[in-house]
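So you can see what is in the structure, the chains are spelled out below.
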Amino acid sequence: MKLPNLLEAKKRSNEKVLIKTNAYIIENNLKELGLGKKYYVKTYGCQMNEHDTENIKAILEDMSFSEALEMENADLILLNTCAIRENAHNKVFGMIGRIKNLKEKNPNLLIGLCGCMAQEEIVVKEILDKYRFLDIVFGTHNIYNLPNIIAQTLKSKKTEIEVLSYEGDIVENMPVKRDSKYKAWVNIMYGCDKFCTYCIVPYTRGKQRSRRPEYIIDEVKNLVNNGYKEVTLLGQNVNAYGKDLDINYKMENLLEDVAKTGIDRVRFVTSHPWDFTDNMIETIKNYPNIMPYIHLPLQSGSSKILKLMGRRYTKESYLELYNKIKENLPYSSITTDIIVGFPGETEEDFLETLEVVKACKFDSAFTFIFSPRIGTPAAKMEDNVSLEEKSNRLQRLNDLVNKFSKEANETYLEKIVPVLIEGYSEKDNNKLMGYTDTMKLINVVGNKTSIGKIVNVKVKEIKTWSMDGEIVNDRVSI
Ligand code: 5AD
Ligand code: SF4
C-alpha cells in the first residue's frame with residue numbers, strides 16, 4: 001500500500017526528471033487477465049484527464065478487457081477523478097454511492113478510483129475509513145503500473161492502493177486508445193510549478209516536466225501519417241514548456257516544429273498570461289496551421305486579488321498582453337477562466353473583473369465560485385464573503401460573459417469559415433458537427449462524406465454557445 005502525502009507532494013527539488021521508455025511492461029500472464037470481461041471508465045475534469053483515460057483504456061485492452069457501453073454491464077469500473085473544486089469531489093462520492101449498489105448485486109465487480117482525487121491524502125483516508133468496498137486506488141503517477149495493480153487486487157482480495165506523491169517522471173511508452181480518428185490530444189508537459197494559491201494541481205500532478213521535443217514531434221508525425229487532422233498540445237501551463245529542459249528550446253520552438261510536421265491544425269491549452277511571449281505571438285502569426293484560438297485565464301480583474309492568488313501579473317499587464325495578441329492576431333478568438341468570491345474579494349474588486357471582461361469581450365469564459373482546497377494557501381485565508389454574495393457575483397458575471405459570447409458569434413453570420421467535421425451532432429442526428437478554426441462549435445447541414453474533413457461552412461444562425469451552418473463550395477470569407 002502506497003499512500004499519498006501532502007507534505008511530500010508540495011516538495012520541489014532539482015532532481016533530474018527520469019524519462020522512462022520502458023516503464024510500461026505487461027507480463028505475459030497478465031495479457032489475458034481481462035478475457036471475457038468488460039471495463040467502463042468514467043472521466044471527470046480537464047483534457048489531461050480525458051487523455052489519461054485514453055491511456056488507461058489502451059492498457060486495459062492490452063489485458064484483453066473490452067469496453068462496456070454502459071456502466072451496469074462492466075466487470076471493472078474506474079472513476080478517473082478531478083480535484084479542482086469541491087463539486088467535482090462531491091459528484092465522485094455520489095457516483096461511488098451509486099456503484100456500491102452494483103457491487104452488492106455483483107460481488108465480483110472491481111471498482112477503482114484514479115486521477116487527481118486519488119493523489120489527495122484526505123480522500124484516500126476517507127476511502128480507507130468509509131469506502132472499503134473500493135478495490136483499487138491509483139494515482140496520476142501510477143497509470144503505467146495498472147496491470148500489476150489489478151493483478152495484485154485480484155490476488156489479495158484487499159483494497160490495493162498505489163499513489164506516489166513524488167515529483168514525477170515521464171513515461172514515454174504508454175499505449176493509447178484515442179477517442180477520435182481526426183483529432184488527438186498530445187501531452188507536451190506534466191505537472192505545474194506555478195502554485196497559484198487556490199490550486200490543487202501542483203500537488204496532485206507533481207512538478208513541471210516537459211517532454212523532450214523529439215518524442216512530441218514523433219508522436220505528431222505518426223498522427224499525420226495515420227490521417228489525423230488536428231492536435232491539441234496539452235499542459236497545465238504550456239507557455240512554460242521547455243523551461244525545465246537542459247536545451248534552449250521553448251514553446252515557440254515547439255509550436256513551430258509541430259506546425260512544420262504539416263498537420264492541418266495545431267491547438268494548445270492552457271496558457272498562463274505570465275509566460276506568453278512576443279515570440280509565441282509571432283510564431284502563431286507565421287503559421288496558418290496554428291489555430292487562432294487562445295485560452296488565456298484571467299482569474300480576476302483586480303490586481304489586489306491577483307496578487308493574493310499568486311498569479312504574477314496585474315490587471316494592466318493582462319490587458320496589455322490581451323491587446324498585443326488582438327493587434328497581431330485580429331481574427332483570433334480568446335477565451336478565459338474567472339474565479340469569483342476569492343477570499344477578500346470586495347464588490348470593488350469584483351467590479352474590476354467586470355471591467356476587464358467589458359474591455360476584452362471574451363469569446364467565452366468558464367466561470368467558477370472559489371472553492372477552498374485543503375492544503376492550498378488560499379484555503380487558510382480569511383473568507384468573509386457570503387455564499388449568497390458569491391452566487392450573485394457569478395450570476396452577474398455570467399450574464400455579461402454570455403452577452404459577449406453571443407456578440408462574438410454574431411460577427412460570423414453569413415461568413416464562410418473552415419470547420420473540421422467530427423461526426424453527427426448529438427442534439428440533432430440529421431446534422432453534422434465540428435469546430436471552426438477559432439474553436440466555435442457549429443452544427444452543419446451536409447453530407448456524411450465530410451466527416452473527418454476540413455470543409456468550408458457558411459454560418460446561417462447564431463446561438464449563445466453554438467452556431468448553425470451549411471457546407472458550401474465557396475472560399476473562406478473571414
Ligand atoms: N476554486 C475555483 N476555481 C478553481 N480553479 C482552479 N482552482 C480553483 C478553485 N480552488 C479554476 C481556475 C482554473 C480552472 C481550470 O479552474 O479558473 O483556470
Ligand atoms: Fe493551477 Fe496556476 Fe498551475 Fe494553472 S498555473 S494548474 S491555476 S497552479
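Up top is the structure these notes are about.
All values reported here derive from a predicted model rather than from experimental measurement.

Colleague: Would you mind going over the overall build of the protein chain with me for this structure?
Modeller: A tally of helices and strands in the protein chain yields 13 helices and 21 strands. Here the C-alpha coordinates of the protein chain stretch approximately 60 × 55 × 50 Å along the principal axes. The buried share among the 478 residues of the protein chain stands at 55%. The contacts of the protein chain with a sequence gap of at least 6 include a subset with a gap of at least 24, amounting to 76%. Surface exposure of the protein chain reaches about 21,400 Å², of which carbon and sulfur atoms provide 49%.

Colleague: Can you help me understand the site of ligand 2 in this one?
Modeller: Surrounding ligand 2, one finds Cys192, Lys194, Phe195, Cys196, Tyr198, Cys199, Val201, Pro202, Gln236, His272 and Arg311. When grouped by side-chain class, the residues that make up the shell around ligand 2 number seven nonpolar, two polar and two charged.

Colleague: In this structure, what is going on with the pattern of salt bridges? I would like to understand it.
Modeller: Opposite charge on two side chains lets them pair, provided their charged atoms get close. The tally for this structure, following the rule as stated, stands at 39 salt bridges. For Lys11, the salt bridge goes to Glu8, with nearest N and O atoms at 2.8 Å. Two residues, Lys125 and Glu121, come together in a salt bridge whose shortest N-O distance is 3.2 Å. Remark: Glu121 and Lys125 occur in helix H4 (residues 121-130); sequence separation between them is four residues, near one turn of the helix.

Colleague: Can you walk me through the packing of helix H8 (residues 251-260) against helix H9 (residues 278-286) in this structure?
Modeller: In a pair of packed helices, the angle between the axes and the distance between the axes together describe the arrangement. Where H8 meets H9, the axes come as close as 8 Å, and the angle between the chain directions of the two elements is 10°. Overall, the two elements H8 and H9 adopt an arrangement that is roughly parallel. Crossing hand, H8 versus H9: left-handed. Facing Met251, Glu252, Leu255 and Glu256 of H8, the residues of H9 in contact are Asn279, Met280, Thr283 and Ile284. A breakdown of the residues in the contact of H8 with H9 according to their chemical character gives four nonpolar, two polar and two charged.

Colleague: Can you help me understand the pairing of strand S13 (residues 265-269) in this one?
Modeller: The side chains of a regular strand alternate, residue by residue, between the two faces of the sheet. In terms of residue burial, S13 counts as a mostly covered element, since five of its five residues are buried. Sheet topology places strand S12 (residues 230-234) next to S13; five bridges connect them, and they run parallel. Within S13, the position partnered with Val231 by the bridge is Val266. A crossover links S12 with its parallel partner S13, the connecting element being H8, and its sense is right-handed.

Colleague: Hey, could you run me through the site of ligand 1 in this one?
Modeller: Every residue lining ligand 1 is accounted for by Ile84, Arg85, Tyr198, Gln299, Asp337, Ile339, Phe368, Ile369, Phe370, Ser371 and Arg373. Contact between ligand 1 and Tyr198: a nitrogen atom at 3.0 Å from a main-chain N or O atom of the residue. At 2.6 Å, a side-chain N or O of Gln299 approaches an oxygen atom of ligand 1. In isolation ligand 1 has 400 Å² of accessible area, and contact with the protein removes 87% of it. Breaking the shell around ligand 1 down by element, the ones donating at least two residues are strand S15 (333-340) and strand S16 (364-369). Of the residues that constitute the shell around ligand 1, the class distribution is six nonpolar, two polar and three charged.

Colleague: How should the side chain of Asp52 be read in this particular structure?
Modeller: Along the polypeptide, Asp52 turns up in helix H2 (residues 47-62). Taking relative accessible area as the criterion, Asp52 reaches 7% and is therefore assigned buried. Only 2.9 Å separates the side chain of Asp52 from the side chain of Arg205, close enough to count as a polar contact. In this structure, Asp52 is in contact with Asn80, Ile143 and Arg205, ignoring residues within four places of it in sequence.

Colleague: Would you explain the nonpolar core in this entry?
Modeller: Buried together is how nonpolar side chains tend to be arranged in soluble globular proteins. Ranked by internal contacts, the top residues of the largest apolar core, which has 65 residues, are Leu233, Met251, Leu254, Val258, Phe268 and Phe276. For Phe268, the residues in contact, after removing those within four places along its chain, are Thr232, Leu233, Val238, Met251, Leu255, Phe276, Met280, Ile284, Ile290 and Ile294. In terms of nonpolar packing, the next biggest core, distinct from the first, is built from 31 residues, Ala68, Met71, Ile96 and Ile200 among them.

Colleague: Help me understand the environment of Leu35, please; the structure alone is not making it clear to me.
Modeller: Note that Leu35 resides in the loop between strand S1 (19-20) and strand S2 (38-43). Along the backbone, Leu35 and Phe65 are 30 residues apart, and their C-alpha atoms lie at a distance of 5.7 Å. The contact partners of Leu35, leaving out residues within four places of it in the chain, are Met63 and Ser64.

Colleague: Any chance you could explain the sheet that holds strand S14 (residues 293-295) here in plain terms?
Modeller: Backbone hydrogen bonds hold the strands of a sheet together, and the pairing may be parallel or antiparallel. Judged by pairing direction, the sheet is parallel, and its three strands sit side by side in the order S14-S15-S16 without closing on themselves. Sheet topology places S14 and S16 at the edges, where each strand pairs with a single neighbour. Each strand axis lies, on average, 10° off the axis of its neighbour in the sheet, ignoring direction. Direction of pairing for S15 relative to S16: parallel, over a ladder of six bridges. The partner of Thr335 across the bridge, within S16, is Ser364. Those strands touched by helix H13 (residues 387-410) are S15 and S16, and its axis lies near 175° from that of S16.

Colleague: Looking at this structure, I do not really get the packing of aromatic side chains. What am I missing?
Modeller: The geometry of two aromatic rings is summed up by the distance between their centres and the angle between their planes. The full count for this structure, using the stated rule, is nine aromatic pairs. Aromatic side chains Phe93 and Tyr131 sit 5.1 Å apart centroid to centroid with 35° between the ring planes, which places their arrangement in the tilted category. Taken together, the residues Phe93 in helix H3 (residues 86-105) and Tyr131 in the loop between H4 and strand S6 (136-138) connect sequence positions 38 residues apart. Both residues of the pair, Phe93 and Tyr131, count as buried. Between Tyr318 and Phe362 the ring centres are 6.4 Å apart and the planes differ by 65°, which places this aromatic pair in the edge-to-face class. Taken together, the residues span a long stretch of sequence, with Tyr318 in helix H11 (residues 315-328) and Phe362 in the loop between helix H12 (347-360) and S16 at a distance of 44 residues.

Thresholds applied
- Residues numbered from 1 in each chain as written.
- Chains lettered and ligands numbered in written order.
- Predicted model: local features only at pLDDT ≥ 70, side-chain atom pairs only at ≥ 80, totals over all residues.
- Heavy atoms only, no water.
- Helix = DSSP H or I, 4+ residues; strand = E, 2+ residues; numbered from the N terminus.
- Buried < 20%, exposed > 50% of the residue type's maximum accessible area, 1.4 Å probe, protein only.
- Contact = heavy atoms within 4.5 Å.
- Areas by Shrake-Rupley, 256 points an atom, 1.4 Å probe, with all protein chains shown as cover.
- Near = heavy atom within 4 Å.
- Nonpolar A, V, L, I, M, F, W, Y, C, P; charged D, E, K, R; others polar.
- Salt bridge = Lys/Arg side-chain N within 4 Å of Asp/Glu carboxyl O.
- Axes fitted to C-alpha atoms, helices over the stretch in contact; angles between N-to-C directions.
- Parallel < 35°, antiparallel > 145°, perpendicular 65-115°, else oblique.
- Left-handed = near helix turned anticlockwise from the far one by under 90°.
- Pairing = 2+ DSSP bridges.
- Right-handed = clockwise from strand over helix to strand, strands pointing away.
- Polar contact = N/O pair within 3.5 Å; in protein donor to acceptor, adjacent residues only side chain to side chain.
- Core = buried A, V, L, I, M, F, W, Y, C linked by side-chain atoms within 4.5 Å.
- Phe/Tyr/Trp six-rings, centres within 6.5 Å; stacked < 30°, edge-to-face > 60°.

In short, the description is geometric, and any link to function would need to be established separately.
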